[in-house]
Amino acid sequence: MSRLTITLDDSLHQALKETAARQGRSIGQIIEESLILRGIKPLADARALVAKARANAQLNEEEALLLAVEETRAQR
């Protein structure tokens, strides 16, 4: 697992710490979940989504890519 150092506004950092304590989760877990919810995912996940779309719908590559983009945007 990689480590990352970020700079946050003091009030945002405090709110993040309070949220983590209230939810019984780590700050890292909250940040990771937030990134995923914003659509920040590994390229392999996007490729897998395209492959799944093609297999399920028997689409050509362009059609599958368009479907994957639509589905990704719908999840954001």
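None of the values given here were measured: they were computed from a predicted structure.

Calculation notes
- Residues numbered from 1 in each chain as written.
- Predicted model: local features only at pLDDT ≥ 70, side-chain atom pairs only at ≥ 80, totals over all residues.
- Heavy atoms only, no water.
- Helix = DSSP H or I, 4+ residues; strand = E, 2+ residues; numbered from the N terminus.
- Buried < 20%, exposed > 50% of the residue type's maximum accessible area, 1.4 Å probe, protein only.
- pLDDT = per-residue confidence, 0-100.
- Salt bridge = Lys/Arg side-chain N within 4 Å of Asp/Glu carboxyl O.
- Axes fitted to C-alpha atoms, helices over the stretch in contact; angles between N-to-C directions.
- Parallel < 35°, antiparallel > 145°, perpendicular 65-115°, else oblique.
- Left-handed = near helix turned anticlockwise from the far one by under 90°.
- Contact = heavy atoms within 4.5 Å.
- Nonpolar A, V, L, I, M, F, W, Y, C, P; charged D, E, K, R; others polar.

Asks: Sorry, what's going on with the environment of Val-69 here?
Replies: Structurally, Val-69 is set in helix 4 (residues 61–75). A relative accessible area of 31% means that Val-69 is categorised as partly exposed. For the pair formed by Val-69 and Glu-32, sequence separation is 37 residues and the distance between their alpha carbons is 22 Å.

Asks: Could you clarify how one ought to interpret the confidence of the model for the chain in this entry?
Replies: Close inspection of predicted coordinates is inappropriate for parts of the model with low pLDDT. Taken over all residues, the pLDDT of the chain has a mean of 88, while the share at 70 or more is 100%. The least confident element of the chain, judged by mean pLDDT, is helix 3 (residues 43–57) at 80; the most confident is helix 1 (residues 10–23) at 97.

Asks: Sorry if this is basic, but what is going on with the pattern of salt bridges here?
Replies: As a working rule, side chains carrying opposite charge can pair if their charged atoms are close by. Taken as a whole, this structure holds one salt bridge when the rule is applied. Between Glu-33 and Arg-25 there is a salt bridge whose closest N-O contact spans 3.2 Å. Looking at Arg-25, the relative accessible area reads 26%, which means it is partly exposed.

Asks: Would you take a moment to explain the packing of helix 3 against helix 4 for this structure?
Replies: Direction vectors running N to C along helix 3 and helix 4 enclose 120 degrees, while the axes themselves pass 8 Å from each other. In terms of axis orientation, helix 3 runs oblique to helix 4. The handedness of the crossing between helix 3 and helix 4 comes out as right-handed. Counting all contacts with helix 3, which are made through Leu-49, Val-50, Ala-53 and Arg-54, the residues of helix 4 involved are Glu-61, Ala-64, Leu-65, Leu-67, Ala-68 and Thr-72. Tallied by class, residues from the contact of helix 3 with helix 4 come to seven nonpolar, one polar and two charged.

Asks: Please clarify how the packing of helix 1 against helix 2 (residues 27–37) should be interpreted in this entry.
Replies: Geometrically, a packed helix pair is captured by the angle between its two axes and the distance between the axes. The interhelical angle for the contact between helix 1 and helix 2, taken along N-to-C directions, is 100 degrees, at an axis separation of 9 Å. What the angle tells us is that helix 1 and helix 2 run roughly perpendicular. Residues Leu-16, Lys-17, Thr-19, Ala-20 and Gln-23 of helix 1 form the contact with helix 2, whose participating residues are Ile-27, Ile-30 and Ile-31.

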